[in-house]
Amino acid sequence: EAQVTQNPRYLITVTGKKLTVTCSQNMNHEYMSWYRQDPGLGLRQIYYSMNVEVTDKGDVPEGYKVSRKEKRNFPLILESPSPNQTSLYFCASSPDRAVLGIQYFGAGTRLSVL
Amino acid sequence: RKEVEQDPGPFNVPEGATVAFNCTYSNSASQSFFWYRQDCRKEPKLLMSVYSSGNEDGRFTAQLNRASQYISLLIRDSKLSDSATYLCVVNNRNTGNQFYFGTGTSLTVIP
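Attention here is on the structure that accompanies the text. Since the structure is predicted, the reported quantities are computational estimates derived from the model, not experimental observations.

On a plain count of helices and strands, chain A comes out with zero helices and eleven strands. Listing the helices and strands of chain A from first to last along the sequence gives β-β-β-β-β-β-β-β-β-β-β. Against the 2.2 N^0.38 benchmark of 13 Å for 114 residues, chain A shows a C-alpha radius of gyration of 13 Å, consistent with a compact globule. Projecting the C-alpha coordinates of chain A onto the three principal axes gives extents of approximately 40 × 30 × 25 Å.

Counting residues in each nonpolar core, the largest one holds 24 residues, and the members touching the most others are B:Phe21, B:Trp35, B:Ile71, B:Leu73, B:Ile75, B:Tyr86 and B:Leu107. Counting only elements with at least two residues in this core, the list comes to strand 3 (19-25), strand 4 (32-38), strand 5 (45-50), strand 7 (60-65), strand 8 (70-75), strand 9 (84-91) and strand 11 (105-110) of chain B. Apart from the residues within four sequence positions on either side, B:Phe21 is in contact with B:Phe11, B:Trp35, B:Ile71, B:Ser72, B:Leu73, B:Ile75, B:Tyr86, B:Thr105 and B:Leu107. Of all hydrophobic cores here, the second largest spans 19 residues; its members include A:Leu19, A:Met32, A:Trp34 and A:Val66.

Right, let's talk about the interface of chain A and chain B for a bit. The partner chain B presents 19 residues to the 26 residues of chain A that form the contact. Approximately 1,900 Å² of surface area, both sides summed, lies buried where chain A meets chain B, with 52% of it carried by carbon and sulfur atoms. Interface area lost by chain A to chain B is led by A:Leu43, A:Gly101 and A:Phe105, which between them contribute 25%. Between the two partners, chain A and chain B, sit zero salt bridges. Linking chain A with chain B are three residue pairs in polar contact (both at pLDDT 80 or more). Put simply, the parts of the chain that give the side of chain A that touches chain B at least two residues each are strand 4 (31-38), strand 5 (42-51) and strand 9 (87-94) of chain A. If one sorts the elements of the side of chain A that touches chain B by residue count, strand 5 of chain A sits on top with five residues. A class-by-class count of the residues in the side of chain A that touches chain B yields 14 nonpolar, eight polar and four charged.

Bringing the layout of surface pockets into the picture now. Of the volumes computed, that of the largest pocket is approximately 260 Å³. Lining the largest pocket are 16 residues, with A:Ala2, A:Tyr104, A:Phe105, B:Glu43 and B:Lys45 positioned closest to its centre. Of all the elements in the fold, those that place two or more residues in the lining of the largest pocket are strand 1 (4-7) and strand 10 (104-105) of chain A together with strand 5 of chain B. Within the lining of the largest pocket, the residues separate by chemical class into nine nonpolar, four polar and three charged.

The rules we used
- Residues numbered from 1 in each chain as written.
- Chains lettered and ligands numbered in written order.
- Predicted model: local features only at pLDDT ≥ 70, side-chain atom pairs only at ≥ 80, totals over all residues.
- Heavy atoms only, no water.
- Helix = DSSP H or I, 4+ residues; strand = E, 2+ residues; numbered from the N terminus.
- Rg over C-alpha atoms; globule rule 2.2 N^0.38 Å.
- Core = buried A, V, L, I, M, F, W, Y, C linked by side-chain atoms within 4.5 Å.
- Buried < 20%, exposed > 50% of the residue type's maximum accessible area, 1.4 Å probe, protein only.
- Contact = heavy atoms within 4.5 Å.
- Buried area = accessible area lost by both parts, 1.4 Å probe.
- Salt bridge = Lys/Arg side-chain N within 4 Å of Asp/Glu carboxyl O.
- Polar contact = N/O pair within 3.5 Å; in protein donor to acceptor, adjacent residues only side chain to side chain.
- Nonpolar A, V, L, I, M, F, W, Y, C, P; charged D, E, K, R; others polar.
- 1 Å grid on protein atoms, 1.4 Å probe; cavity = no way out; pocket = protein on both sides within 12 Å on 5 of 7 lines; lining within 4 Å.
- Points joined across faces, edges and corners; volume = space filled by probe spheres on them.

This is the structure in structure tokens:
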């Protein structure tokens, strides 16, 4: 089944404790992206990647890191999480440059930073 | 100024009604436009792309007005299953490949 898989789905952590949210897609998509969704602010793009070893900042990259060592994986790293990073996070992928708007989303990760 | 703005609603309409949402975007160089649907904080799913000439998919019609910088979504003969939040999405490839989402418009179709 074609899908984007995020793990974990739910995470409660404490300020400053490094964490990684994994994202994997099995559709051989070139484009992958991370978003956060907050009430009243909608989805905001954190980072995106056009292909392996190519990553770019989105609208709200501060406090996050990403890597794209393999085509299928695009982990989101919070080196020192803070309470303002409490949010609902979505990973998404898209086939190629021609159809970038057609994004497939993972089920989301609810993160709480205490 | 936000890249994309939508009326958050909520829109509460009876079954069978026709409802329309608008979305405005601020960057005149925006090139690609989409409507996504999101149910109860689940993942967004693509509803339809919006083409310059307008496009229709069953009960759903999307329009683009570049002069006024807005896109619209029209839903005819509303069904209970149409209840969701509708997200407007804009992309400008000239300045990268970022996507800008509106905050969404909430629709509830009432029996």
